[in-house]
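Here's the letter readout for the chains.
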Amino acid sequence: MNSSTKKGIAVVAVVVVILAASAAVLLNGGQESEGNDITVTWSDDQKLFYIDVDFDYKFDGYLATGSTTMVELNNYLKENVTNGTGIGGAGSTACSTFAVSDEDGDLLLARNLDFSGSVAAVVHTDPENGYESLSIVNLNVFGYTAGDTPETLAAKDAVRAVAYMPMDGVNEKGVSVSINAVENSGYASMTHEGRTPIFITTALRLILDNADSTDKALELLMDYDLCMAHYHIMISDASGKTAVVEIYDNEYYVVETSYMTNHYVSPDLQGVIEVTESSQSRYDTVGAAMESSEGVMDTAECFDLLETVKQDNASNQTRWSVVYNKTEGTMTLCLVMDFATKYTYSLSSA
């Protein structure tokens with residue numbers, strides 16, 4: 001996609017919040033030049049940041065070199081993206097994710113991100129040689145502090161790396177992704193001769209930028225080793241095909257299933273780790289709802305289920321709940337268990 005023909009994001013007013021750009025700042029590492037900036041805006045209630053990435057974030061270069069540790073990833077980012085500034089880790093513990101369709105046939109992917117203290121921001125990317133996408137990041141990774149405004153956030157060089165840390169997202173081809181932690185699994189890494197090692201969240205960026213189906217996403221993943229990956233990934237596409245990718249003992253395990261929480265779901269991995277009571281309880285609750293609805297729920301019903309399995313304790317608190325409509329290319333988002341206030345964004349090319 002040529003940057004001169006990129007379309008913007010359509011922002012839709014929902015419930016009590018009107019998503020208008022109340023502030024905007026261009027970030028270009030101290031220099032202004034066309035096609036090499038980041039725009040930071042926020043909602044009228046000043047609770048949700050939106051970051052438009054409109055520069056070459058050098059992801060192809062990263063895929064060529066890879067990284068086995070956070071230090072190596074930071075070294076690449078400092079040299080190529082963030083003007084010498086490092087970023088933090090991804091962060092995610094107790095999460096719930098499921099894929100359904102509504103009565104009109106629209107395909108949805110819903111998830112809670114449960115990690116106390118996380119601050120959500122919506123990220124829009126439209127790379128020249130890839131697919132347009134919307135995703136959500138944890139701003140704490142990029143040096144967010146309480147009281148940040150679009151101006152102060154845009155002034156942080158680390159924010160230039162937001163494309164590298166999606167926790168969930170959807171692209172213009174209707175491919176949606178989410179990562180959940182696998183509790184008690186340790187920081188698994190893979191090592192195979194001939195494969196480039198990449199960080200777990202960059203695997204989501206690989207998919208969002210390059211996959212037009214679940215099958216293509218799986219094909220892409222198999223060319224790389226995932227490192228520091230105590231996570232599993234749900235991938236769901238515009239045809240409804242949904243799969244979960246898991247890592248154990250240097251191997252990929254892929255199972256077609258439509259929901260996951262925080263333990264292995266592959267039949268081959270049952271019993272290899274201790275499953276926490278929280279993960280099992282949420283998994284059973286989502287599974288029962290999926291069975292009773294026969295996998296058919298509208299967006300409101302998805303949010304009802306997300307509210308049912310929300311987490312609100314000292315270690316895990318639901319920081320965002322989101323429903324991606326893969327058919328329409330939209331995302332509807334709630335922050336910190338405020339299920340009455342919803343923010344909706346749309347991909348321009350959907």
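Cut-offs used in this document
Residues numbered from 1 in each chain as written. Predicted model: local features only at pLDDT ≥ 70, side-chain atom pairs only at ≥ 80, totals over all residues. Heavy atoms only, no water. 1 Å grid on protein atoms, 1.4 Å probe; cavity = no way out; pocket = protein on both sides within 12 Å on 5 of 7 lines; lining within 4 Å. Points joined across faces, edges and corners; volume = space filled by probe spheres on them. Nonpolar A, V, L, I, M, F, W, Y, C, P; charged D, E, K, R; others polar. Buried < 20%, exposed > 50% of the residue type's maximum accessible area, 1.4 Å probe, protein only. Helix = DSSP H or I, 4+ residues; strand = E, 2+ residues; numbered from the N terminus. Contact = heavy atoms within 4.5 Å. Pairing = 2+ DSSP bridges. Phe/Tyr/Trp six-rings, centres within 6.5 Å; stacked < 30°, edge-to-face > 60°. Lys NZ or Arg CZ within 6 Å of the ring centre and 35° of its normal. Axes fitted to C-alpha atoms, helices over the stretch in contact; angles between N-to-C directions. Parallel < 35°, antiparallel > 145°, perpendicular 65-115°, else oblique. Left-handed = near helix turned anticlockwise from the far one by under 90°. Salt bridge = Lys/Arg side-chain N within 4 Å of Asp/Glu carboxyl O.

A. The layout of surface pockets, seen in detail. Taken as a whole, the second largest pocket holds about 270 Å³ of empty space. Around the second largest pocket, the lining is made up of 17 residues, and of these K47, L48, V119, L335 and V336 lie nearest the centre. A class-by-class count of the residues in the lining of the second largest pocket yields nine nonpolar, three polar and five charged.

B. Seen up close, helix α4 (residues 200-210). The element α4 is largely enclosed, with a buried count of ten among its eleven residues. Taken together, the buried positions of α4 are I200, T201, T202, A203, L204, R205, L206, I207, L208 and D209.

C. Structural detail: the environment of L333. Mapped onto the secondary structure, L333 falls in strand β18 (residues 330-335). Its relative accessible area of 0% is what places L333 among the buried residues. Sequence separation of L333 and I136 is 197 residues, and the distance between their C-alpha atoms is 9.7 Å. Setting aside residues no more than four positions away along its own chain, L333 makes contact with L48, V122, I136, F303, W320, S321, V322, T341, K342 and Y343.

D. Up close: the pairing of strand β7 (residues 120-125). Summarising burial for β7: six of the six residues are buried, a large majority. Burial along β7 is two-sided: the residues A120, V122 and H124 and A121, V123 and T125 are all buried. Bridge analysis of strand β4 (residues 49-54) against β7 gives five bridges, and the strand direction is parallel. Paired with Y50 across the bridge in β7 is V122. Taken together, the six bridges between β7 and strand β8 (residues 133-138) define a ladder with antiparallel strand orientation. Bridging across to β8, V122 finds its partner in I136.

E. Structural view of the packing of aromatic side chains. Per the counting criterion, the structure on display carries eleven aromatic pairs. Taking 5.5 Å as the distance between ring centres and 10° as the angle between the ring planes, the aromatic pair formed by Y50 and Y345 counts as stacked. With Y50 in strand β4 and Y345 in strand β19 (residues 343-346), this pair connects stretches of sequence that are 295 residues apart. The residues Y50 and Y345 share a single accessibility class, namely buried. An aromatic cluster of at least three residues, connected via ring pairs, comprises Y57, F59, Y62, Y76 and Y164. In this structure, R160 packs its charged tip against the face of F55, placed 4.1 Å from the ring centre. The ring of F303 has K342 lying over it, and the distance from NZ or CZ to the ring centre is 5.0 Å.

F. Fine view of the packing of α4 against helix α5 (residues 214-221). As a packed pair, α4 and α5 sit with axes 10 Å apart at the nearest point and diverge in direction by 135°. By the angle between their axes, α4 is oblique relative to α5. Here the hand of the crossing between α4 and α5 comes out right-handed. Of the residues in α5, those in contact with A203, L206, I207 and N210 of α4 are K216, A217, L220 and L221. Along the lines of polarity and charge, the residues of the contact of α4 with α5 split into six nonpolar, one polar and one charged.

G. Layout of the pattern of salt bridges. The full count for this structure, using the stated rule, is eight salt bridges. In this structure, R205 engages D209 in a salt bridge whose closest nitrogen and oxygen atoms are separated by 3.0 Å. Pair noted here: R205 and D209 are both in helix α4, with a separation of four residues, about one helical turn. According to the relative accessible area criterion, R205 is buried, its value standing at 0%. A relative accessible area of 5% places D209 in the buried class.

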